[in-house]
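# Residue-level structural notes
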Amino acid sequence: MSEHPTIRPQPGILDIELYVGGDASLAGHAEVLKLSSNENPAGASPRAIEAYRATGVSLHRYPSTDHRALRTAIAEVHGLDAGRIVCGNGSDEIIALLTQAYAGPGREVVHTEHGFAMYRISALAAGATPVEVRERARCTDVDAILAACTERTALVFIANPNNPTGTMIGADEVARLAAGLPPQALLVLDGAYAEFVAGFDGHAGLVDARDNVVMTRTFSKIHGLGGLRVGWGYAPAHVVDVLNRVRGPFNVSAPALAAAEAAIRDTGFTARCLAENTANRAALTAALRASGVACDDSEANFVLARFASPAEAEACDRALRDAGIIVRRVAGYGFPEGLRITVGDAAACARVAATVADFLRVKA
Ligand code: PMP
């Protein structure tokens, strides 16, 4: 770190620890099995790739500023009001816009113990104070969150299902949280993994029913477009108005808009990915448990494997890397004994399970 003696950023910014993404390569391995960033093993819908390619002939054109075509597609597929959708450069941007607009010096941003890193980073970037709340047995604890709220609370972030735990709380608990917040606070329900829960609306119904709830969603996970950076928020009209004032007019690129629109309309592809993930996740979870590795039931496209000790997790991570497999260490999320493993295709899950089993057998 190099700090300048007189030219300084806003307070809070130098408290930010750099976000560490999942590794993508391994020295000595030409090909790796990357299970470190919860990407879709099937890639993106062929229709999305085709739509992306088709925009290549008009790269000199600015994209739409109001994202109307994409918002209409999202609204049709999910049964939502297109006028209350805001699109962003990944859901990361929606999180950043929310903190920029609603948090700031003297205001608090509540997130859970094992919550996604961008809540804290975005809060600090906005000059606000992050407030970390404990979870109960790796699950969001509504009472603990409500107890942490004050007259300074501006935003409360929870991911449901959560990353990296994969656990989820019920709609009644989420509704109780929304109803119990202080009047100046906005609840943000991060639905990055909502599509992996069959029949789940990501709490869109709660957004419709209240004026203090926002839902965020992404094209990076089930839609397989992490490289393009498209996310969206569904919010009450007063929040949509605010976000549209602060976001850049061309915040989502034309290829990204086109690919995302095709992706969300390819509901057959999405359904196949959901079915594959559900089956492969069950197989991976069962195999890990059979090897003696603890894991909660995951509702997302990854499994949090908990080993006997941080040293064992680190050694297993090394064994996986030696086998050309990259998973995610999650010590920074409060799990030094954990490895977060993305659910790959059936062959990938079998390979991970066999490598972990071999490692534990050799070790025993
Ligand atoms: N929320 C959660 C819980 C996530 O895990 C992620 C991706 N790691 C995001 C938001 C951000 O996703 P993106 O910016 O790619 O939409």
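Residues numbered from 1 in each chain as written. Predicted model: local features only at pLDDT ≥ 70, side-chain atom pairs only at ≥ 80, totals over all residues. Heavy atoms only, no water.

## Here we look at the pairing of strand β8 (residues 231-234)
A two-sided burial pattern is seen for β8, the buried positions comprising G231 and G233 on one face and W232 and Y234 on the other. Summarising the sheet, strand β2 (residues 85-88) and β8 pair through 4 bridges and their orientation is antiparallel. Within the sheet, the bridge partner assigned to V86 lies in β8 and is G233. For strand β7 (residues 213-218) and β8, the ladder comprises 4 bridges, and the chain directions are antiparallel. Residue pairing across strands places T216 opposite G233, the latter belonging to β8. (Buried < 20%, exposed > 50% of the residue type's maximum accessible area, 1.4 Å probe, protein only. Helix = DSSP H or I, 4+ residues; strand = E, 2+ residues; numbered from the N terminus. Pairing = 2+ DSSP bridges.)

## Details of helix α2 (residues 68-78)
An α-helical segment advances 3.6 residues per turn. Residues three or four places apart therefore align on the same side. Every buried residue belonging to α2 is among L70, R71, A73, I74 and A75, and all of these are buried. Looking at the packing, one finds that the buried side of α2 touches β2, β8 and α9 (254-265). Of the residues one or two after α2, G79 is the one with positive phi, at around 70°. (Contact = heavy atoms within 4.5 Å.)

## Details of the domain arrangement of the protein chain
Often the size quoted for an interface is simply the accessible area lost on bringing the parts together. When its domains are assigned, the protein chain resolves into domain 1 (18-43 + 268-363) and domain 2 (46-266). The centre of domain 1, based on its C-alpha atoms, is set 25 Å off from the matching centre of domain 2. Opposite the 26 residues of domain 1 that make contact, domain 2 presents 29 residues. Interface area for domain 1 against domain 2, summed over the two sides, is near 2,200 Å², with a carbon-plus-sulfur share of 60%. Linking domain 1 with domain 2 are 1 salt bridge. Taken together, domain 1 and domain 2 are joined by 11 residue pairs in polar contact (both at pLDDT 80 or more). When contributions to the side of domain 1 that touches domain 2 are tallied by element, the ones reaching two or more residues are α10 (267-290), β9 (302-306) and β12 (335-342). (Domains from an automatic or database assignment. Buried area = accessible area lost by both parts, 1.4 Å probe. Salt bridge = Lys/Arg side-chain N within 4 Å of Asp/Glu carboxyl O. Polar contact = N/O pair within 3.5 Å; in protein donor to acceptor, adjacent residues only side chain to side chain.)

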